[in-house]
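Okay, here's what each chain looks like letter by letter:
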Amino acid sequence: EVTFWNSSFYHQEKSQRSERTIEFRAPQGYRIVLLHGRAYRANVSIARVRSHQDNARSFRDAVLTEPQPDVILCGVPSLELADSVSAYASQRGIPLAIDCRDMWPDVIADFLPKPVRLFAWPVLAHWRHMLNRSVRRADAVIGITDAFVDWGLEAAMRPRSALDRAFLLAPPPEQANATLAAAAREYWDRGVGAHDPTLKLGT
């Protein structure tokens, strides 16, 4: 039994899917809970931060009546939700894996101009504290590449264990058989017309 938690606000299309926290069954059979979060227009905005805070608050309210899960997989970002989820898992002894999918707040700091970064330091430090706390509570740190895993483990201040690993977004490329590769090169070097005499190129 799988329950997939997400925000009521659809980030990619900037549209609100529900004005409250709702749950339903997907056609594939798993359960979906949309956590209420306010709408926002700009990716970098106070409204987006408040929307993430709404999601975390909605999660804390919703889990009060939820059956306890056997294991939790939680993505980063958002940091607000990861902080609430990791606290919930830690308090109840639930195994938790943090999935590092974007390097928040580091990428946000890199995006800001230096003068603005100075004034934003308290917020960035707060987010960094939430990240550190979340990954330290986790039993496993995973990510889309080994660099993302290492980044999460640096925040957790611990070495890699057998549970910490990368799950690539695409399968690793296979090395082509040398004989087949040579035959393919020879095929294309001869040109398309050499294989199909009925094909009239350039007409």
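Above this text is the structure in question.
This section reports on the structure supplied with the text. The structure presented is a predicted model; accordingly, all values stated were derived computationally and were not measured. (Residues numbered from 1 in each chain as written. Predicted model: local features only at pLDDT ≥ 70, side-chain atom pairs only at ≥ 80, totals over all residues. Heavy atoms only, no water.)

Attention now moves to the sheet that holds strand β8 (residues 140-143). Backbone-to-backbone hydrogen bonds join strands into a sheet, with any given pair of strands oriented parallel or antiparallel. Read from one edge to the other, the open sheet built from 4 strands follows the order β6-β7-β8-β9, with strand pairing classed as parallel. Every other strand in the sheet has two partners, leaving β6 (72-76) and β9 (165-166) as the edge strands with one partner each. Looking at chain direction, β6 and strand β7 (residues 96-100) are connected through 5 bridges and run parallel. Counted as the bridge partner of L73 is A97 from β7. Packing of helix α2 (residues 79-92) onto the sheet brings it into contact with β6 and β7, and relative to β6 it is tilted by some 155 degrees. (Pairing = 2+ DSSP bridges. Helix = DSSP H or I, 4+ residues; strand = E, 2+ residues; numbered from the N terminus. Contact = heavy atoms within 4.5 Å. Axes fitted to C-alpha atoms, helices over the stretch in contact; angles between N-to-C directions.)

Turning our eyes to something else, we now look at the packing of helix α5 (residues 121-137) against helix α6 (residues 146-156). Packing of α5 against α6 brings their axes to within 8 Å, and their N-to-C directions diverge by 95 degrees. Of the possible angle classes, the one that applies to α5 and α6 is roughly perpendicular. Of the residues in α6, those touching α5 at R128, L131, N132, V135 and R136 are W151, G152, A155 and A156. (Parallel < 35°, antiparallel > 145°, perpendicular 65-115°, else oblique.)

Moving on, we get to the environment of A87. With respect to the helices, strands and loops of the structure, A87 is situated in helix α2. For the pair A87 and A140, spaced 53 residues apart in the sequence, the C-alpha separation amounts to 15 Å.

Moving on to helix α1 (residues 46-62). A rise of 1.5 Å per residue sets the reference length of α1, with its 17 residues, at 24 Å; its end C-alpha atoms lie 24 Å apart and thus fit the reference within 8%. On its buried face, α1 is in contact with β1 (3-7), β5 (31-35) and α2. (Expected span 1.5 Å × (residues − 1).)

Before going further, it helps to examine helix α7 (residues 178-190). In a regular helix each residue adds 1.5 Å, so 13 residues correspond to 18 Å; α7 covers 19 Å between its end C-alpha atoms and thus fits that length. For α7, the N-terminal cap is N177; the gap from its side-chain oxygen to the backbone nitrogen of T179 is 2.9 Å. (Polar contact = N/O pair within 3.5 Å; in protein donor to acceptor, adjacent residues only side chain to side chain.)

Take the nonpolar core next. The biggest cluster of nonpolar side chains holds 38 residues, and the ones touching the most others in it are I72, L96 and I98. Apart from residues no more than four positions distant in its own chain, I98 is found in contact with C74, V76, S134, V135, A138, A140, V141 and I142. (Core = buried A, V, L, I, M, F, W, Y, C linked by side-chain atoms within 4.5 Å. Buried < 20%, exposed > 50% of the residue type's maximum accessible area, 1.4 Å probe, protein only.)

What follows covers the sheet that holds strand β4 (residues 22-25). On the basis of which strands lie adjacent, the open sheet formed by 3 strands has the order β1-β5-β4 and mixed pairing. A strand with exactly one partner marks an edge of an open sheet, and here the two such strands are β1 and β4. Each neighbouring strand pair of the sheet contributes to a mean axis angle of 20 degrees, computed without reference to strand direction. The pairing of β4 with β5 spans 4 bridges and is classified as antiparallel. By the bridge assignment for β5, I22 is matched with L34.

Turning our eyes to something else, we now look at the pattern of salt bridges. Following the criterion strictly, the structure yields 13 salt bridges and no others. Its salt-bridge partner being R25, residue E1 comes within 3.4 Å of it at the nearest N-O pair. Of this pair, E1 sits in the segment before β1 while R25 sits in strand β4, placing them 24 residues apart in sequence. Residue E1 is classed as exposed on the basis of its relative accessible area, which comes to 89%. A salt bridge links R128 to D106, with the shortest nitrogen-to-oxygen separation between them at 2.4 Å. With R128 in helix α5 and D106 in helix α3 (residues 106-111), this residue pair connects regions lying 22 residues apart in the sequence. (Salt bridge = Lys/Arg side-chain N within 4 Å of Asp/Glu carboxyl O.)

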